[in-house]
Amino acid sequence: EEIVDQHRNRLDSMETVSMTVRTNISSDSYSSSSTSEIWIDFEDKQMRTEQSSEYSNTTTVRNDTGSVTYDADENTVRNSDFTFEDMNPRETRQFALPANNQTELTYEGTELIDGSETYRLDVEPQFNDTDRDVDATVWINAETYLPVQLESSMESDNYSFEATAQFTDVAVNETIPDERFSLDVPEDAERQ
């Protein structure tokens, strides 16, 4: 409980954060990997995500009025009413432990990951149905109380997948220039 409380306090105290998230997902029928560079300014309610994968390379800027996503491979741009508050980055699984009534967290000790001490927590979702077997583990940095790594797997009668997310280059409360949250879209980009 102390780790969860420290994690929540860290989230609440963050003014800015930037990080790199590398994700690998595999299932019965496909596998994919992606890298996301993320910058968030909580005070001014703005966020930039640059995501690259074998399927696309997109940049999304989100603020209190909506979102703009540019796909460099397709040279397309899409506007959305989905705002910074709609996403609430302090509660997404990228940053926040799934600490709620539907999830049980169990402390399993400390572990070194890339030279940093982490707290290893078992994450056990509480489902009403029993045809899903979910196993998840999260490693929380002992200094920053932010995630370092997340591994999860799910098996059911007709579906299974495994996912790993690694969080690196984490910088908390460092100044992010306002230009980072602007998006220059080529004039010839197709509007969707």
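Per chain, the residues get numbers from 1 upward, laid out in the order the sequence is written. In keeping with the model being predicted, local features are shown solely for residues with a pLDDT of at least 70 and side-chain atom pairs are shown and tallied solely at 80 or more, while totals for entire chains, interfaces and linings include all residues. The side-chain figures draw on all heavy atoms in the structure; neither hydrogens nor water molecules are used.

### Describing unusual backbone geometry
Outside of glycine, negative phi angles account for most residues, and trans bonds account for most peptide bonds. The backbone of Lys45 shows a phi angle near 55°, a positive value even though the residue is not glycine. Put simply, DSSP H or I for four residues or longer makes a helix, DSSP E for two residues or longer makes a strand, and each gets a number counted from the N terminus. Tracing the sequence through the fold places Lys45 in the loop between β2 (31–41) and β3 (46–53). Within the chain, Tyr145 stands out as a residue other than glycine whose phi angle is a positive 60°. Within the secondary structure layout, Tyr145 lies in the loop between β9 (132–141) and β10 (147–156). Using a relative accessible area of 14% as the deciding quantity, one classes Tyr145 as buried. Partly exposed describes any residue whose relative accessible area lies between the buried limit of under 20% and the exposed limit of over 50%, with all areas from a 1.4 Å probe on protein chains only and scaled to the type maximum.

### Here we look at the side chain of Thr69
Relative to the helices and strands, Thr69 resides in strand β5 (residues 67–71). A relative accessible area of 13% places Thr69 in the buried class. Polar contact is the term for a pair of N or O atoms within 3.5 Å; when the atoms are in protein, one must be able to donate a hydrogen and the other to accept it, and sequence-neighboring residues count only if both atoms are side-chain atoms. Of note is the side chain of Thr69, whose polar atom sits 2.9 Å from the side chain of Thr60. In what follows, a contact means two residues having at least one pair of non-hydrogen atoms within 4.5 Å. Setting aside residues up to four positions removed in sequence, Thr69 forms contacts with Thr58, Thr59, Thr60, Thr76, Val77 and Arg78.

### Section: the pattern of salt bridges
Each reported salt bridge corresponds to a side-chain nitrogen of Lys or Arg within 4 Å of a carboxyl oxygen of Asp or Glu. Counted according to the given criterion, the structure contains five salt bridges. In this structure, the salt-bridge partner of Glu50 is Arg48, at a minimum N-O distance of 2.8 Å. Through salt bridges with shared partners, a single network forms among Arg48, Glu50 and Arg180.

### Overview of the confidence of the model for the protein
The score called pLDDT rates the predictor's confidence residue by residue, from a low of 0 to a high of 100. Residues at a pLDDT of 70 or more form 91% of the protein, whose mean pLDDT is 88. Least confident of the elements in the protein is β9, whose mean pLDDT is 86; most confident is β5, at 97.

### Digging into the pairing of strand β1 (residues 16–27)
Pairing of β1 with β2 involves eleven bridges; the strand directions are antiparallel. Bridging from a neighbouring strand, Asn24 pairs with Ser33 of β2. At least two DSSP bridges between two strands are required for those strands to pair. In this structure, the hairpin formed by β1 and β2 is closed by a connection of three residues. In this sheet, strand β11 (residues 160–172) lies alongside β1 in antiparallel orientation, the contact comprising ten bridges. When the sheet's bridge partners are listed, Thr23 is paired in β11 with Ala165.

### Topic: the environment of Asp73
With respect to the element layout, Asp73 can be found in the loop between β5 and β6 (76–80). Judged by its relative accessible area of 48%, Asp73 is partly exposed. The sequence separation of Asp73 and Asn57 amounts to 16 residues, and the corresponding C-alpha distance is 6.2 Å. Residues within four places of Asp73 in sequence aside, it is in contact with Tyr55, Ser56 and Asn57. There is a polar contact of 3.0 Å between the side chain of Asp73 and the side chain of Asn57.

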